[in-house]
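These are the residues of each chain, in order.
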Amino acid sequence: MALEAAGRPPEETLSLWKREQARLKARVVNRDTEAWQRDPAFSGLQRVGGVDVSFVKGDSVRACASLVVLSFPELEVVYEESRMVSLTAPYVSGFLAFREVPFLLELVQQLREKEPGLMPQVLLVDGNGVLHHRGFGVACHLGVLTDLPCVGVAKKLLQVDGLENNALHKEKIRLLQTRGDSFPLLGDSGTVLGMALRSHDRSTRPLYVSVGHKMSLEAAVRLICCCCRFRIPEPVRQADICSREHIRKSLGLPGSPTPRSPKAQRPVACPRGDSRESSGKAPSPQRQADRTTPGGRRSTQSTARWGRGDHSPTSPRHRLVSCGHGASEDRSLWGQVPDPESARDAFLEPTQGTWSCSLHDPCSLCFAHPFQ
């Protein structure tokens, strides 16, 4: 039987959490504090971090917390650390930080103590910052406690302060035509809580970017654009891959390792001097190579495995069940449209008659929409 976290905490605990949020919120800095943030090309920025907490399927207690650090602007993994954790606090909307931040904070502190030369200069968090019920989301919480610039990047709109995912909002999304297009998320209070950003030309679904700590919203949006090879910023995407792979290995689950970053399919990460257009061609494919990072930690980069010769983005026979993101890579499944249950397990979702990866959009393995 799957383990279950404790139910909703008592009102006294929620009141305590609210007071803690209010106390820490007073320390949030919503302006640029570093010289590299004010530079159009982010000159001086060398390391960008990403964090993630992934959960064991069917288990609300066991999870894996991950921290990765990528070089900038190359977006190559130079440090990664994952650990299995036992969650003690239940999920309560508006209080996610009390469930996840303690474990992420430990990972950051461990890196600061053991390999300070690899400390990220900014952290990207899969969640919200000031775009929050009380203006203090998980990105603010982690930023204040680590004293690092922090940016919240959410995949769905948190409907607070009058923000709604209604027809008007969807029409604004439709008008986002190219990578880098955005519009402000203006609450009923008159406060701009974040930006809806189209992060990639091949993705029509926006990201919701908000200030976490020690960074302006304008700089945060520019940085996210520079960090997106796919829809999801690479530091967050790599942290997610790392945590899921650690769960697979720790629990002895079947499946092949998830491909990391196929070089043949990367757009240029961040053109110097212009964060909205690509200035060059993607690097050519390379063989799998191990390299030693400055801190002595080894990381592996591998190219995508195409499988059969007819499996390519331009092939009319392109039918890929797995997007490579924790899904089955059984080739016998290729060419079969999955049922909704298996599609959900593979992180694929039906969208207007097609199947697309709900985390990458487009698929990170083949850079094309499955079942298109």
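Everything here concerns the structure above.
Analysis parameters
- Residues numbered from 1 in each chain as written.
- Predicted model: local features only at pLDDT ≥ 70, side-chain atom pairs only at ≥ 80, totals over all residues.
- Heavy atoms only, no water.
- Helix = DSSP H or I, 4+ residues; strand = E, 2+ residues; numbered from the N terminus.
- Buried < 20%, exposed > 50% of the residue type's maximum accessible area, 1.4 Å probe, protein only.
- Contact = heavy atoms within 4.5 Å.
- Areas by Shrake-Rupley, 256 points an atom, 1.4 Å probe, with all protein chains shown as cover.
- Phe/Tyr/Trp six-rings, centres within 6.5 Å; stacked < 30°, edge-to-face > 60°.
- Pairing = 2+ DSSP bridges.
- Axes fitted to C-alpha atoms, helices over the stretch in contact; angles between N-to-C directions.
- Polar contact = N/O pair within 3.5 Å; in protein donor to acceptor, adjacent residues only side chain to side chain.
- Salt bridge = Lys/Arg side-chain N within 4 Å of Asp/Glu carboxyl O.
- Core = buried A, V, L, I, M, F, W, Y, C linked by side-chain atoms within 4.5 Å.
- 1 Å grid on protein atoms, 1.4 Å probe; cavity = no way out; pocket = protein on both sides within 12 Å on 5 of 7 lines; lining within 4 Å.
- Points joined across faces, edges and corners; volume = space filled by probe spheres on them.
- Nonpolar A, V, L, I, M, F, W, Y, C, P; charged D, E, K, R; others polar.

**Describing the overall build of the protein**
Step number 1: Per the secondary structure count, the protein includes eight helices and 12 strands.
Step number 2: A burial count over the protein gives 55% of its 372 residues as buried.
Step number 3: Nonlocal contacts in the protein, meaning residues at least 24 apart in sequence, comprise 65% of its contacts between residues at least 6 apart.
Step number 4: Working note: accessible area of the protein is about 16900 Å², and carbon and sulfur atoms make up 51% of it.

**Structural notes on the packing of aromatic side chains**
Step number 1: The tally for this structure, following the rule as stated, stands at five aromatic pairs.
Step number 2: Ring geometry for Trp-17 versus Phe-95: centroids 5.6 Å apart, planes at 45°, classification tilted. Taken together, the residues Trp-17 in helix α1 (residues 11-25) and Phe-95 in the loop between β3 (77-86) and α3 (97-114) connect sequence positions 78 residues apart.
Step number 3: Here the aromatic residues Trp-17, Phe-95 and Phe-98 are joined through ring pairs into a cluster of three or more.

**Examining the sheet that holds strand β1 (residues 47-55)**
By definition, the strands of a sheet pair up through backbone hydrogen bonds, in either a parallel or an antiparallel sense.
Step number 1: The mixed open sheet is built from eight strands, whose spatial order is β3-β2-β1-β4-β5-β8-β7-β6. Both outer strands of the open sheet, β3 and β6 (182-186), are each paired with one neighbouring strand and no more. Put simply, the sheet's adjacent strands are angled 25° from each other on average, direction ignored.
Step number 2: Bridge count for β1 against strand β2 (residues 62-71) is nine bridges, and the pairing is antiparallel. The partner of Val-51 across the bridge, within β2, is Leu-67.

**Considerations on the pairing of β1**
The two faces of the sheet receive side chains in turn, since in a regular strand these alternate between them.
Step number 1: The buried count for β1 comes to eight of nine residues, which makes it a mostly enclosed element.
Step number 2: Connecting the antiparallel pair β1 and β2 is a turn made up of six residues, with Gly-58 showing a positive phi of about 80°.
Step number 3: Where β1 meets strand β4 (residues 122-126), four bridges bridge the pair, whose relative direction is parallel. The residue of β4 that forms the bridge with Gly-49 is Leu-123.

**As for the side chain of His-132**
Step number 1: As for its placement among the helices and strands, His-132 is situated in the loop between β4 and α4 (138-146).
Step number 2: In this structure the side chain of His-132 is engaged in a polar contact, spanning 3.0 Å, whose partner is the backbone nitrogen of Arg-134.
Step number 3: Among the polar contacts made by the side chain of His-132, one reaches the main-chain amide nitrogen of Phe-136 at a distance of 3.2 Å.
Step number 4: In this structure His-132 touches Gln-21, Gly-94, Gly-137, Leu-158 and Val-160, once residues within four positions along its chain are discounted.

**A word on the pairing of β2**
Step number 1: Counted residue by residue, β2 has nine buried out of 10 residues, so it is predominantly covered.
Step number 2: Both β2 and β3 contribute to a ladder of nine bridges, which runs antiparallel. Opposite Val-69, over in β3, you have Tyr-79 as the bridge partner.
Step number 3: What sits between β2 and β3 in their antiparallel hairpin is a turn of five residues, with Leu-75 showing a positive phi close to 60°.

**Structural notes on the pattern of salt bridges**
Step number 1: In the structure shown here, the tally under the stated rule is 11 salt bridges.
Step number 2: Note that Glu-171 and Arg-174 form a salt bridge whose closest N and O atoms lie 2.7 Å from each other. With Glu-171 and Arg-174 both in helix α5 (residues 167-174) and three residues apart, this pair spans about one turn of that helix.
Step number 3: Residue class for Glu-171 comes out partly exposed when judged on its relative accessible area of 34%.
Step number 4: On the basis of relative accessible area, Arg-174 is assigned to the exposed category, the value being 52%.
Step number 5: Across the salt bridge formed by Arg-248 and Glu-245, the nearest N and O atoms sit 2.5 Å from each other. Here Arg-248 and its partner Glu-245 are both found in helix α7 (residues 234-251), three residues apart, which amounts to about one turn of the helix.
Step number 6: Take Glu-245: its relative accessible area is 12%, and that puts it in the buried class.
Step number 7: Members of the salt-bridge network, linked through shared partners, are Arg-229, Glu-234 and Arg-237.

**Looking at the nonpolar core**
Step number 1: In this structure, Leu-45, Phe-72, Val-122, Leu-124, Val-151, Leu-223 and Ile-224 are the most contacted members of the largest nonpolar core, which totals 38 residues.
Step number 2: Contributions of two or more residues to this core are made by β2, β4, α4, β5 (150-154), β7 (192-197), β8 (207-213), α6 (217-226) and α7.
Step number 3: Ranked by residue count, the leading element in this core is α6, at eight residues.
Step number 4: With near-sequence residues (within four places) excluded, Val-122 lies in contact with Trp-36, Leu-45, Arg-47, Val-48, Gly-49, Pro-149, Cys-150, Val-151, Met-215 and Leu-223.
Step number 5: Counting 26 residues, the second largest nonpolar core, distinct from the first, contains Val-51, Val-53, Tyr-79 and Leu-148.

**Here we look at empty space enclosed by the protein**
Step number 1: Counted by the stated rule, this structure contains one cavity of 30 Å³ or more.
Step number 2: Of the volumes computed, that of the largest cavity is approximately 40 Å³.
Step number 3: Every residue lining the largest cavity is listed: Asp-126, Val-153, Ala-154, Lys-155, Leu-207, Ile-232, Pro-233 and Val-236.
Step number 4: For the lining of the largest cavity, the class distribution of residues is six nonpolar, no polar and two charged.

**Observations concerning the side chain of Arg-229**
Step number 1: Relative to the elements of secondary structure, Arg-229 occurs in the loop between α6 and α7.
Step number 2: On the accessibility criterion, Arg-229 (2% relative accessible area) is buried.

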